[in-house]
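The residues making up each chain are set out below.
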Amino acid sequence: DMARLVDHLGIPKTAILSLGADIRYAMRMAIARPDAVTGILACSGTLPVKTASQYERMGKWHRFILANARYAPLVLPFLVRSGFSLARRIGKEQFLNSVNAGSPSDIRTFADPDVREAMLLGSETSLSDTHIAWEAFSRECIDSEKDWSETVRKCPVPVRMLQGTGDTDVTVEVALRLLHHAEGPDIRLTLVRGADHR
């Protein structure tokens, strides 16, 4: 899809900005089209998680979803559907506040009226009175927790990762361990003091 988009727009070369585990899509694009991708900037990016101890160091919501995606993928869709139903019942705003409760910077960011409006409107397709994307979300999580180390090894472009020091989803400790064990291209991590995940 990304290759078709850059071709359609007539963009000969571009850097890719990714969020979270979507870094793997950016790397796959760089592998498929090394002529078109100059580099990747990953915000709160993550690399393949390989051990239970790496999950244990994550924030509770992140750990709950991703560890189940890895170790109990058949159960995950039920858990996600339950979470989406809870969000619908208590309201998206209260649900997002609950998910971000352990992250002061994320709470402050979500309190900004423009950010709150963007997040609430942006989630309308996946979570509203007429849509609930639990199945697609579950598939995406299961894919992110497979071992995609080969994708990292084959990535032909430089990767720069920005990581908030207060990130409770992927802590700095986890990010550094993942980076230490990554085999592959020129990957560098920059810590952003006082920033969290979002």
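This structure is a prediction, so every number in the text was calculated from the model and none was measured.

A. Representation of the pairing of strand 1 (residues 14–19). Strand direction decides the pairing type here: strand 1 and strand 2 (residues 37–43), joined by six bridges, are parallel. Residue pairing across strands places Leu 17 opposite Leu 41, the latter belonging to strand 2. Crossover handedness for the path strand 1 to helix 2 (residues 23–32) to strand 2: right-handed.

B. Molecular detail of helix 5 (residues 76–90). With 15 residues, helix 5 should reach 21 Å at 1.5 Å per residue; the first-to-last C-alpha distance of 21 Å fits that figure. When we look at burial in helix 5, the residues that qualify are Leu 76, Leu 79, Val 80, Gly 83, Phe 84 and Ala 87. The buried residues of helix 5 all sit within an arc of 135 degrees when viewed along its axis, so they share a single face. Set apart from the buried face of helix 5 by more than 90 degrees, the exposed residues are Phe 78 and Arg 89. In this structure, the buried residues of helix 5 make contact with helix 4 (60–71), helix 6 (92–99) and helix 9 (134–144). Where helix 5 terminates, the next one or two residues include Gly 91, which has phi positive at roughly 100 degrees.

C. Region of interest: a nonpolar patch on the surface. Taken together, the side chains of Leu 5, Leu 9 and Ile 11 define a hydrophobic patch exposed on the protein surface, amounting to about 270 Å² of accessible area. With respect to the helices and strands, Ile 11 occurs in the loop between helix 1 (2–9) and strand 1. Here Ile 11 falls in the partly exposed class, since its relative accessible area comes to 34%.

D. A look at the packing of helix 1 against helix 2. Look at helix 1 against helix 2: their axes get within 10 Å of each other, and the N-to-C directions meet at 65 degrees. Residues Met 2, Ala 3 and Val 6 of helix 1 touch helix 2, and the partners they reach there are Tyr 25, Ala 26 and Met 29. Counted by class, the contact of helix 1 with helix 2 contains six nonpolar, no polar and no charged residues.

E. Region of interest: the sheet that holds strand 4 (residues 187–192). Spatially, 1-2-3-4 is the arrangement adopted by the four strands of the open sheet, whose pairing is parallel. Strands at the two margins of the open sheet, each flanked by one partner only, are strand 1 and strand 4. Going across the sheet, the axis of each strand differs from the next one's by a mean of 20 degrees, ignoring polarity. Here four bridges tie strand 2 to strand 3 (residues 159–164), and the two strands are oriented parallel to one another. Residue pairing for strand 3: Ala 42 is matched across the bridge by Met 161.

F. Just the nonpolar core, in detail. Counting 18 residues, the largest nonpolar core has Ile 23, Met 27, Ile 40 and Val 159 as the members making the most contacts within it. When contributions to this core are tallied by element, the ones reaching two or more residues are helix 2, strand 2 and strand 3. Counting residues per element, this core draws most heavily on helix 2, which supplies five residues. Look past the residues within four positions of Ile 40 in its chain and what remains in contact with it is Ile 16, Ser 18, Ile 23, Ala 26, Met 27, Cys 155, Val 157, Pro 158, Val 159 and Arg 160. Counting 16 residues, the second largest nonpolar core, distinct from the first, contains Val 49, Met 58, Leu 127 and Trp 134.

Conventions we followed
Residues numbered from 1 in each chain as written. Predicted model: local features only at pLDDT ≥ 70, side-chain atom pairs only at ≥ 80, totals over all residues. Heavy atoms only, no water. Pairing = 2+ DSSP bridges. Helix = DSSP H or I, 4+ residues; strand = E, 2+ residues; numbered from the N terminus. Right-handed = clockwise from strand over helix to strand, strands pointing away. Expected span 1.5 Å × (residues − 1). Buried < 20%, exposed > 50% of the residue type's maximum accessible area, 1.4 Å probe, protein only. Arc of directions from axis to C-beta. Contact = heavy atoms within 4.5 Å. Patch = residues over 30% accessible without salt bridge, like charges linked within 9 Å, V, L, I, M, F, W, Y side chains within 5 Å. Areas by Shrake-Rupley, 256 points an atom, 1.4 Å probe, with all protein chains shown as cover. Salt bridge = Lys/Arg side-chain N within 4 Å of Asp/Glu carboxyl O. Axes fitted to C-alpha atoms, helices over the stretch in contact; angles between N-to-C directions. Nonpolar A, V, L, I, M, F, W, Y, C, P; charged D, E, K, R; others polar. Core = buried A, V, L, I, M, F, W, Y, C linked by side-chain atoms within 4.5 Å.

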